[in-house]
Protein chains: 4
Amino acid sequence: MIVQFSIVPLGVGTSLSEHVAKVIEIVNESGLPYKFHAMGTIVEGDWDEVMNLIKNCRDTLMEDLERILIDIRIDDRKGAKNRIEGKVVSVEKKVKRKIKK
Amino acid sequence: MIVQFSIVPLGVGTSLSEHVAKVIEIVNESGLPYKFHAMGTIVEGDWDEVMNLIKNCRDTLMEDLERILIDIRIDDRKGAKNRIEGKVVSVEKKVKRKIKK
Amino acid sequence: MIVQFSIVPLGVGTSLSEHVAKVIEIVNESGLPYKFHAMGTIVEGDWDEVMNLIKNCRDTLMEDLERILIDIRIDDRKGAKNRIEGKVVSVEKKVKRKIKK
Amino acid sequence: MIVQFSIVPLGVGTSLSEHVAKVIEIVNESGLPYKFHAMGTIVEGDWDEVMNLIKNCRDTLMEDLERILIDIRIDDRKGAKNRIEGKVVSVEKKVKRKIKK
């Protein structure tokens, strides 16, 4: 399945990038395929792989924080693989012009 | 932690209530505190309790479906309990008039 | 259409209820049907009614804040009305036991 | 402000790419900065620019469909610009290794 998640730490002011950087390092070390963008991180894996990764990110941030919000969006399609790129390619084929990705 | 989730089955037409009913039955049987509303289900529990519940809902729906979308929003606050009602009460105290809930 | 939204103010510490209370007062004054729960506010109206309401909430909070996050989920179904209660009733009819709402 | 949105058409089967392609074409024609990824589209602009764009996408899809779900996530920060790339760069500077984006 393909999953987008983002974690919002509360009580740390308006700049969150230091905490997001910690999350990205954990994602990077997981070995799962991922893509990082301005509104979250997309990862691909089975349920346990992805949820354990997000739990690991949450546990790490909660060591220093009192409250966090996590947003998770899952697209689960039987038998589908390599969808971080595949979903974009599938749409691109149906669009007449070159699109920004 | 307090968690809102919703599951959207694809490929079943425009009416989703039959599938949502299956989800609610599983939530009801879990024994976790919950509240069902028009845009999702709110449950409270620790990470493993809630995520195992959502995984159980997903596994059940995927028996008959090819693709589902799941949206999960987590509000994780150290030491906080009874927040399905508590968060609403906390806001109500700061509002001058009676609010609809 | 039926819309759930929530606004997260950043840079105000870990307690957000004072700011959420401001949002609820604005929603209450709008006259639109709404329901407030622990993870957001559900309102019903046409596109412009609902989006102007959310914009109004955002403008009010941004008077005092530097950064906010807003989450909006829309369920838009042609001709459907009274769905804040109607969607719940539609699921309830398909569930064998009494559910918590 | 920077906004991620995705539109899920219901009642069209399990493959959504044809409808997503329509959305991308409208986004592309809007002239707003955007980035398309596997879980949604990120655009940058002021409230009215972005919301009118999303409304335009919704109106176009609803010509042929009975029901759609729309998910919108807004990150609104006073005075911030060029954040589709800027937010990623800000995190990258705090991460020791090269990250995938």
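Residues numbered from 1 in each chain as written. Chains lettered and ligands numbered in written order. Predicted model: local features only at pLDDT ≥ 70, side-chain atom pairs only at ≥ 80, totals over all residues.

**Student:** What's the story with the sheet that holds strand 1 (residues 2–10) of chain D in this structure? I'm lost.
**Tutor:** Whether parallel or antiparallel, the strands of a sheet pair through hydrogen bonds between backbone atoms. Taken in spatial order, the eight strands make up an open sheet running 2(C)-3(C)-1(C)-4(C)-4(D)-1(D)-3(D)-2(D), and their pairing is antiparallel. If you trace the sheet from one side to the other, it starts and ends with strand 2 (34–37) of chain C together with strand 2 (34–37) of chain D, each paired once. The average undirected angle you get between the axes of adjacent strands in this sheet is 15°. Where helix 1 (residues 17–30) of chain C meets the sheet, its contacts fall on strand 1 (2–10), strand 2 and strand 3 (40–44) of chain C, and the angle it forms with strand 3 of chain C comes to roughly 10°. (Pairing = 2+ DSSP bridges. Helix = DSSP H or I, 4+ residues; strand = E, 2+ residues; numbered from the N terminus. Axes fitted to C-alpha atoms, helices over the stretch in contact; angles between N-to-C directions. Contact = placed C-beta atoms within 7 Å.)

**Student:** What is the right way to read the environment of L61(D) from this model?
**Tutor:** Within the secondary structure layout, L61(D) lies in helix 2 (residues 47–62). Residues L61(D) and R73(D) lie 12 residues apart in sequence; the distance between their C-alpha atoms is 20 Å.

**Student:** Any chance you could explain the relation of the copies chain C and chain B here in plain terms?
**Tutor:** Applying a rotation about an axis and a shift along it to one chain copy brings it onto the other copy. Superposition of chain C onto chain B requires a rotation of 180° combined with a translation of 0.0 Å along the rotation axis, giving an RMSD of 0.0 Å. Both copies are brought into coincidence by an operation consistent with a two-fold rotation axis. Closest to the rotation axis within chain C is the C-alpha of H37(C), separated from it by 4.2 Å. In this assembly, 100% of the residues forming the interface of chain C have copies in chain B that are likewise at the interface, indicating an isologous arrangement. (Least-squares fit on C-alpha atoms with pLDDT ≥ 70 in both.)

**Student:** Sorry, what's going on with the interface of chain C and chain B here?
**Tutor:** By convention, interface size is frequently given as the accessible area that disappears when the constituent parts associate. Counting from both sides, the interface comprises 30 residues of chain C and, opposite them, 30 residues of chain B. Of all the secondary structure elements, the ones that give two or more residues to the side of chain C that touches chain B are strand 1, helix 1, strand 2, strand 4 (67–77) and helix 3 (83–92) of chain C. Element by element, the count of residues in the side of chain C that touches chain B is highest for helix 1 of chain C, at seven residues. By residue class, the composition of the side of chain C that touches chain B is 14 nonpolar, five polar and 11 charged. (Nonpolar A, V, L, I, M, F, W, Y, C, P; charged D, E, K, R; others polar.)

**Student:** What's the story with helix 3 (residues 83–92) of chain B in this structure? I'm lost.
**Tutor:** A turn of α-helix holds 3.6 residues, and therefore any two residues three or four places apart point the same way. Listing the buried residues of helix 3 of chain B in full gives K87(B), V88(B) and V91(B). What you see down the axis of helix 3 of chain B is that its buried residues fit within an arc of 95°, all on one side. Buried residues along helix 3 of chain B sit in contact with helix 1 and strand 2 of chain C. (Buried ≥ 20, exposed ≤ 12 C-beta atoms within 10 Å, placed from the backbone. Arc of directions from axis to C-beta.)

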